[in-house]
Amino acid sequence: MNKMQIQDFKFKLFEPEVQSSGGKTVIFYHGWGTSVESNHDVAQEMAFRGHRVVVPEIIYHDTRKPLENHFSIETTQRYFWKTIYKTIDEFDDFIEHLNVPMEEVILVGSSMGGFIANGIFSNHKNIGGLVNINGSGSFLLSEKLFREKDHRSALPIEEEQVMKKYNPIGRTSCNAPVLLMHGDSDAIISIKGQQDYYQYLIENEGRDNVDFIIHENNNHQFSLEMVKDLLEWLDEV
């Protein structure tokens, strides 16, 4: 593992243990309030399987203007979507600096990182694949559920218009393989967002290369079983 910086982008790079013709470049986006370091073990596992793994520092985390308390209600409500949008927006510059062919890139994200990976995937026609773990590909529905849970009013029209620009629902992404995983007991990010995106891909896009794995009795954990499913899916891809 190496700490890297290219221009303004900082990331950890895990080179594959064994060079493989089937190896991909996995860009892994972590969850809200966690860090690059907190995903060290799963990144190492993917590298052991022959994949080159890049774990970017995300705005408002690690050394990039970190917030004092990510989990205060006010901070989450103010910065959660702002973080997602910013990371989606900067992807093109980031991948250009990495100098990696788009079709060789697999986007993987956990929790907030799942939103980010899904948002990037829906904006590009030649990404190699997507794995969304305990996140959502249905931004408007997930925000509606967040607001209902917090007893907040509906999303203002101007904010809704911005969110529609990033929302994967309604966008025709590339026909690359997709893996969605979610805990059925998730009290942080409802599984309904994943279900809605899965239905969109199957019914609206007619996709036949989308897997949706529901993990029973899982309340927003990126569990060992999920890691196992991720590694097996990467092997198949």
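Every value quoted in this text rests on a predicted model; they were computed, and no experiment measured them. (Residues numbered from 1 in each chain as written. Predicted model: local features only at pLDDT ≥ 70, side-chain atom pairs only at ≥ 80, totals over all residues. Heavy atoms only, no water.)

> Would you take a moment to explain the packing of aromatic side chains for this structure?
Two descriptors summarise a pair of aromatic rings, namely the distance from one centre to the other and the angle between the planes of the rings. The full count for this structure, using the stated rule, is 16 aromatic pairs. When the ring of Tyr197 is compared with that of Tyr200, the centres are 6.5 Å apart and the planes differ by 25 degrees; the resulting orientation is stacked. Of this pair, Tyr197 and Tyr200 both sit in helix α7 (residues 192-204), three residues apart, roughly one helical turn. Three or more aromatic residues joined by ring pairs form one cluster here, namely Trp32, Phe80, Trp81, Tyr85, Phe115, Phe139, Phe146 and Tyr166. (Phe/Tyr/Trp six-rings, centres within 6.5 Å; stacked < 30°, edge-to-face > 60°. Helix = DSSP H or I, 4+ residues; strand = E, 2+ residues; numbered from the N terminus.)

> What's the story with the pattern of salt bridges in this structure? I'm lost.
Side chains carrying opposite charge are able to pair once their charged atoms draw close together. A complete count under the given rule lists twelve salt bridges for this structure. Between Lys12 and Glu37 there is a salt bridge, and its shortest N-O distance comes to 2.1 Å. A residue pair is termed long-range when its members are at least 10 positions apart, and Lys12 in strand β2 (residues 9-14) and Glu37 in the loop between β3 (25-29) and α1 (40-48) qualify at 25 residues. You can call Lys12 buried: its relative accessible area is 8%. In this structure, Asp150 and Arg152 form a salt bridge, with 3.5 Å as the shortest nitrogen-oxygen distance. Here the salt bridges do not stand alone but share partners, grouping Glu143, Arg147 and Glu159 into one network. (Salt bridge = Lys/Arg side-chain N within 4 Å of Asp/Glu carboxyl O. Buried < 20%, exposed > 50% of the residue type's maximum accessible area, 1.4 Å probe, protein only.)

> Please clarify how unusual backbone geometry should be interpreted in this entry.
Leave glycine aside and you will find that most residues have negative phi; peptide bonds, for their part, are mostly trans. Phi at Ser111 is positive, roughly 60 degrees, even though this residue is not glycine. Looking at the secondary structure, you find Ser111 in the loop between β5 (105-110) and α4 (112-121). With phi around 60 degrees, His151 is a residue other than glycine that occupies positive phi space. Tracing the chain through its elements places His151 in the loop between α5 (139-149) and α6 (157-166).

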